[in-house]
Amino acid sequence: MAESRKKQWEEKYKSCPERDAKFTTISGIPLKPLYTPEDLPDFDYERDLGYPGEFPFTRGVQTTMYRGRLWTMRQFSGMGTPKDTNKRYKYLLKHGQTGLSVAFDFPTLYGRDSDDPFSHGEVGRCGVAVDTLRDMEIIFDGIPLDKISTSMTINPPAAMLLAMYIVVGEKQGVPAHLLTGTIQNDMLKEYQAQKTWIYPPEPSMRIITDILAFCSDHVPKWNTISISGYHIREAGATAVQELAFTLANGFTYVEYGIKAGLPVDKFAPRLSFFFNSHLDFFEEIAKFRAARRIWAKVMREKYKAQDPRSWLMRFHTQTAGCTLTAQQPENNIVRTAFEALAAVLGGTQSLHTNSMDETYALPTEKAVKIALRTQQLIAYETGVANVIDPLGGSYYVEYLTNEMERRAYEYFDKINALGGVLPAIEKGFFQKEIAKSAYEYQKAIEKREKYHVGINIFQEEEKPDIEILKIPPEVEEEQIKNLKQVKKERNTAKVKEKLHDLRKAAENGENLMPRILECVRAYATLGEMCNTLKEVFGVYREPIIF
Amino acid sequence: MTKKIRVLIGKPGLDGHDRGAKVVAAALRDAGMEVIYTGLHQTCEAIVEAAIQEDVDLIGLSILSGAHMTIFPKVLKLLKERKANIPVIGGGIIPQDDVKKLEKMGVKKIFGPGTPTSEIVEWINNNIGKTVEKSSKGRKAKKVRS
């Protein structure tokens, strides 16, 4: 009976005209006009969804989700000198931000000092400059590290920045075991997409496993890797690729941790994730739900984790910078709101909302406040945080969640066939896949198969007139002056001795973290520490692919 | 046969955001140009050297790090020092005010985010294509004589 009514409806539908459009998700999953129970033939509530805070965590990682506590509102920020950044943090905290997230400038991300010739023109531009412990002391001046959690977007020099944070904590009287936060420390996605590296993949993996081991003993509440799909997506990947590559990277860290002799349940609970929230609303929600389910199953079944905390995937989300337009920038407020809403409906633990002006520069105070308010509006006004996983059971959302999972496994098979993630990086597999998707998306926009308001539809002639944040060139001079001052005041002989010890540790395989902490305490610069390791580990050169 | 337009796409500085550079490189290649992509983390000196060595007709720089007001002038200066008359264009996250300043300084054109690749191809064909054609005729003539 039900079947024949569906057939009747389908007949009726076929006789009606459809909009001239390509009905697919952004990843290219073809879409039917309607989803019904027939699209979920083997659906089993307990097996596929379960309950929030319970295996397979499809409906969320906490029992209460946002009824217990809202997600952490964590705007990624940092610019200019440490003093400028400290001021911005205090501004955001005053306006209701609940966690910090440090954006470092390129020289810092790359392990170079502000006075390195390569840093010229980049100091304090894209984030804050950090050369020594002194800079970290200033960034967190007046910010109690026992009350606030801090996420640091730092990769090749993650060990050094974590060490600086630990020492700032000590100086504030907060012991390492009470510190909460995250270092990104995800080198695999750097080789694939974000392209900030120093050393080749194998030594990078060794530094990472040293961090896993050190933190599980001494900084147990710290998230040791934020396995990041964000940058993979920004570089041009589809949602399916973001999901598949990020999880494949996550599994690779687990394998390296196990290979380094660590019990899986000792480090896996502190692995966290970082996803992008793009414009295709339902595809994004399905991506988050599928990610949790895949991680839980593989951690339990393949890697034999026993501790339920090793099974659950906690993640931070950032709205998609690549969807923002320089044209009609105010529209970016709305795009960001939709993307943030998808992240919340997908069950994120922490969220950054981009500011409308970021296609021109780092955000002004006004723009970043609107972005923060966007999260607060979702949290306090829309009611979406009142019920857990409110879209669970939607025929469409469950179908799409299954489909994302299926397509992710297809990629896992391809990566395995190449010998795993590291060999696939060396063969340029991820780089090629991402570059291909980026170019195809651009072509789809230019052929108007996909739309972007202000870009290929509803364009306007006049140039936008919005306020832009300026970082004055004096920032670089001031930072270099401060660095020189620190170098003058510190005990140079001691710095040399500590760098020597670091080099020895790198050579003989002992855990690097204690040595790095000693270097940091002696006010060794980031560049000095990274260059010392470069002498032992060498530097990475990527194969050029486009 | 007319000579193909040779373009060098460069990523100067420490910035690793190469999506735009790669999309533009692929689009120019599909439009029939010869594209040399430098890869990441290049110094201005290395980019200028590569452009001269490769005898390119145009340099396109992609900068999203905010270092554009340092890098573009440096590349222009180095080209002048080497007496290399190679036009420079750019793209990336660059505020309008700076675009005006850079174009005044001698950067031929800055393409902002959201620019269709077809617009870049058209600009290059209109502004660089003719010179290339002329010089290629000149080169051909030289070759015959030798």
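Data block above holds the structure.
Before going into details, it helps to say that this report is about the structure given with it. Worth saying up front: this structure is predicted, and the values here are computed from it rather than measured. (Residues numbered from 1 in each chain as written. Chains lettered and ligands numbered in written order. Predicted model: local features only at pLDDT ≥ 70, side-chain atom pairs only at ≥ 80, totals over all residues. Heavy atoms only, no water.)

1. Concerning the overall build of chain A
Then step 1. Tallying secondary structure elements over chain A gives 22 helices and 10 strands in all.
Then step 2. For 546 residues, the compact-globule estimate of 2.2 N^0.38 gives 24 Å, and the C-alpha radius of gyration of chain A, at 24 Å, lies within 12% of that figure.
Then step 3. The dimensions of chain A, computed from C-alpha atoms along their principal axes, are 85 × 60 × 45 Å.
Then step 4. Residue pairs at least 24 apart in sequence account for 78% of intrachain contacts in chain A once pairs closer than 6 positions are excluded.
Then step 5. When the accessible surface of chain A is summed, it comes to about 22000 Å², and 53% of that surface belongs to carbon and sulfur atoms.
Then step 6. For chain A, the centre of its 71 positive side-chain charges and the centre of its 73 negative side-chain charges are spaced 2 Å apart. (Helix = DSSP H or I, 4+ residues; strand = E, 2+ residues; numbered from the N terminus. Rg over C-alpha atoms; globule rule 2.2 N^0.38 Å. Contact = heavy atoms within 4.5 Å. Areas by Shrake-Rupley, 256 points an atom, 1.4 Å probe, with all protein chains shown as cover. Lys, Arg positive; Asp, Glu negative; His and termini not counted. Charge placed at Lys NZ, Arg CZ, Asp CG, Glu CD.)

2. Some points on the sheet that holds strand E1 (residues 6-10) of chain B
Residue and element names in this part refer to chain B.
Then step 1. The strand order across the open sheet built from five strands is E2-E1-E3-E4-E5, with neighbouring strands paired in parallel fashion. Two strands lie at the open edges of the sheet, namely strand E2 (34-37) and strand E5 (109-111), each paired on one side alone. On average, each strand axis in the sheet is inclined to that of its neighbour by 20 degrees, with strand direction left out of account.
Then step 2. Here three bridges tie strand E4 (residues 88-92) to E5, and the two strands are oriented parallel to one another. Residue pairing for E5: Gly90 is matched across the bridge by Ile110.
Then step 3. Packing against the sheet, helix H3 (residues 68-81) makes contact with strand E3 (58-63), E4 and E5, and its axis sits at approximately 160 degrees to E3. (Pairing = 2+ DSSP bridges. Axes fitted to C-alpha atoms, helices over the stretch in contact; angles between N-to-C directions.)

3. A few points about H3(B)
Note that an α-helix has 3.6 residues per turn; residues three or four places apart therefore point the same way.
All names here are of chain B.
Then step 1. Helix length check: H3 (14 residues) gives 20 Å between terminal C-alpha atoms against 20 Å at 1.5 Å per residue, within 8%.
Then step 2. Buried residues of H3: His68, Ile71, Phe72, Val75, Leu76, Leu78 and Leu79, and no others. Angular distribution of buried residues about the axis of H3 spans 165 degrees; they occupy a single face of the element. Residues of H3 that are exposed and point more than 90 degrees away from the buried face comprise Lys77 and Lys80.
Then step 3. Of the surrounding secondary structure, the elements contacted by the buried residues of H3 are helix H2 (44-53), E3, E4, helix H4 (96-105) and E5.
Then step 4. Phi for Lys83, located one or two positions after H3, is positive at around 55 degrees. (Expected span 1.5 Å × (residues − 1). Buried < 20%, exposed > 50% of the residue type's maximum accessible area, 1.4 Å probe, protein only. Arc of directions from axis to C-beta.)

4. Side note on the interface of chain A and chain B
Then step 1. Taken together, the 40 residues of chain A in the interface contact 40 residues of chain B.
Then step 2. Summing both sides of the interface, chain A and chain B together bury roughly 3200 Å²; the carbon and sulfur share of this comes to 60%.
Then step 3. Counting across the chain A and chain B interface gives two salt bridges.
Then step 4. For Asp18(B), the salt bridge identified is with Lys195(A), shortest N-O distance 2.9 Å.
Then step 5. Taken together, chain A and chain B are joined by 10 residue pairs in polar contact (both at pLDDT 80 or more).
Then step 6. Secondary-structure elements contributing two or more residues to the side of chain A that touches chain B are helix H4 (106-109), helix H7 (187-194), helix H9 (230-234) and helix H18 (429-446) of chain A.
Then step 7. Sorting elements by how many residues they give to the side of chain A that touches chain B places H18(A) first, with seven residues. (Buried area = accessible area lost by both parts, 1.4 Å probe. Salt bridge = Lys/Arg side-chain N within 4 Å of Asp/Glu carboxyl O. Polar contact = N/O pair within 3.5 Å; in protein donor to acceptor, adjacent residues only side chain to side chain.)

5. Some thoughts on the pattern of salt bridges
Then step 1. Counted under the stated rule, the structure contains 51 salt bridges over all chains.
Then step 2. Note that Glu38(A) is salt-bridged to Lys6(A), the shortest N-O span being 3.2 Å. With Glu38(A) in the loop between helix H1 (2-14) and helix H2 (45-49) and Lys6(A) in helix H1, this residue pair connects regions lying 32 residues apart in the sequence.
Then step 3. For Asp18(B), the salt bridge identified is with Lys22(B), shortest N-O distance 3.5 Å. Like Asp18(B), the residue Lys22(B) is buried in the burial classification.
Then step 4. Connected through salt bridges with shared partners, the residues Glu497(A), Lys498(A), Glu510(A), Arg515(A) and Glu518(A) form a single ionic network.

6. A closer look at unusual backbone geometry
Residues and elements named next belong to chain A.
Then step 1. Cis geometry marks the peptide bond from Phe55 to Pro56; its omega dihedral reads 0 degrees.
Then step 2. Here Pro56 is to be found in the loop between H2 and strand E1 (72-73).
Then step 3. Residue Lys195 is not a glycine yet carries a positive backbone phi of 65 degrees.
Then step 4. In this structure, Lys195 sits in the loop between H7 and helix H8 (201-218).
Then step 5. Take Lys195: its relative accessible area is 1%, and that puts it in the buried class.

7. Points about the nonpolar core
Then step 1. Among the nonpolar cores identified, the biggest contains 164 residues, and Met136(A), Met152(A), Leu161(A), Met529(A), Leu28(B) and Ile124(B) are the most heavily contacted of them.
Then step 2. With residues up to four places along the chain from it excluded, the contact list for Leu28(B) reads Val7(B), Ile9(B), Met33(B), Val35(B), Ile120(B), Val121(B) and Ile124(B).
Then step 3. Counting 25 residues, the second-largest nonpolar core is a separate cluster that includes Ile59(B), Ile63(B), Ile71(B) and Leu79(B). (Core = buried A, V, L, I, M, F, W, Y, C linked by side-chain atoms within 4.5 Å.)

8. Things to note about the sheet that holds strand E9 (residues 315-319) of chain A
Residues and elements named next belong to chain A.
Then step 1. The parallel open sheet is built from five strands, whose spatial order is E1-E10-E9-E8-E7. Each edge of the open sheet carries a strand with a single partner, namely E1 and strand E7 (225-228).
Then step 2. Strands strand E8 (271-277) and E9 of the sheet are contacted by helix H12 (residues 281-301), whose axis makes an angle of about 160 degrees with E8.

9. A look at the pairing of E2(B)
Residues and elements named next belong to chain B.
Then step 1. Across four bridges, the pairing between E1 and E2 is parallel. Directly across from Leu8, in E2, lies its bridge partner Ile36.
Then step 2. In terms of handedness, the path from E1 via helix H1 (residues 19-30) over to E2 forms a crossover that is right-handed. (Right-handed = clockwise from strand over helix to strand, strands pointing away.)

10. Digging into the state of the cysteines
Residues and elements named next belong to chain A.
Then step 1. Overall, the coordinates contain zero disulfides over all chains when judged by the stated rule.
Then step 2. With no disulfide of its own, Cys126 lies closest to Cys322 among cysteine sulfurs, the gap being 16 Å.
Then step 3. On the basis of relative accessibility, which here comes to 22%, the residue Cys126 falls in the partly exposed class.
Then step 4. We note that Cys519 lacks a disulfide partner, and the nearest cysteine sulfur, in Cys530, lies 11 Å from it.
Then step 5. By relative accessible area, Cys519 is classed as buried at 0%. (Disulfide = S-S within 2.5 Å.)

11. With respect to the packing of aromatic side chains
Residues and elements named next belong to chain A.
Then step 1. Tallied over the full model, the rule gives 31 aromatic pairs over all chains.
Then step 2. When the centroid spacing of 5.2 Å and the interplanar angle of 50 degrees are considered together, the rings of Tyr165 and Trp222 count as tilted. One end of the pair, Tyr165, is in helix H6 (residues 158-172); the other, Trp222, is in strand E6 (residues 222-223), with 57 residues separating them in the sequence. Judged on exposure class, the residue Tyr165 and its partner Trp222 are both buried.
Then step 3. Look at Phe251 and Trp295: their rings are 5.2 Å apart centre to centre, the planes differ by 10 degrees, and that puts the pair in the stacked class. Of this pair, Phe251 sits in helix H10 (residues 239-259) while Trp295 sits in helix H12, placing them 44 residues apart in sequence. For the pair Phe251 and Trp295, one class covers both residues: buried.
Then step 4. Through pairs of rings, three or more aromatic residues link up here, namely Phe251, Phe273, Phe275, Phe288, Trp295, Tyr303, Phe315, Tyr409 and Phe412.
Then step 5. The cationic tip of Lys259 hangs over the ring face of Tyr256; the distance from NZ or CZ to the ring centre is 4.1 Å.
Then step 6. A cation over a ring is seen here: Arg300 above Phe55, with NZ or CZ 3.6 Å from the ring centre. (Phe/Tyr/Trp six-rings, centres within 6.5 Å; stacked < 30°, edge-to-face > 60°. Lys NZ or Arg CZ within 6 Å of the ring centre and 35° of its normal.)

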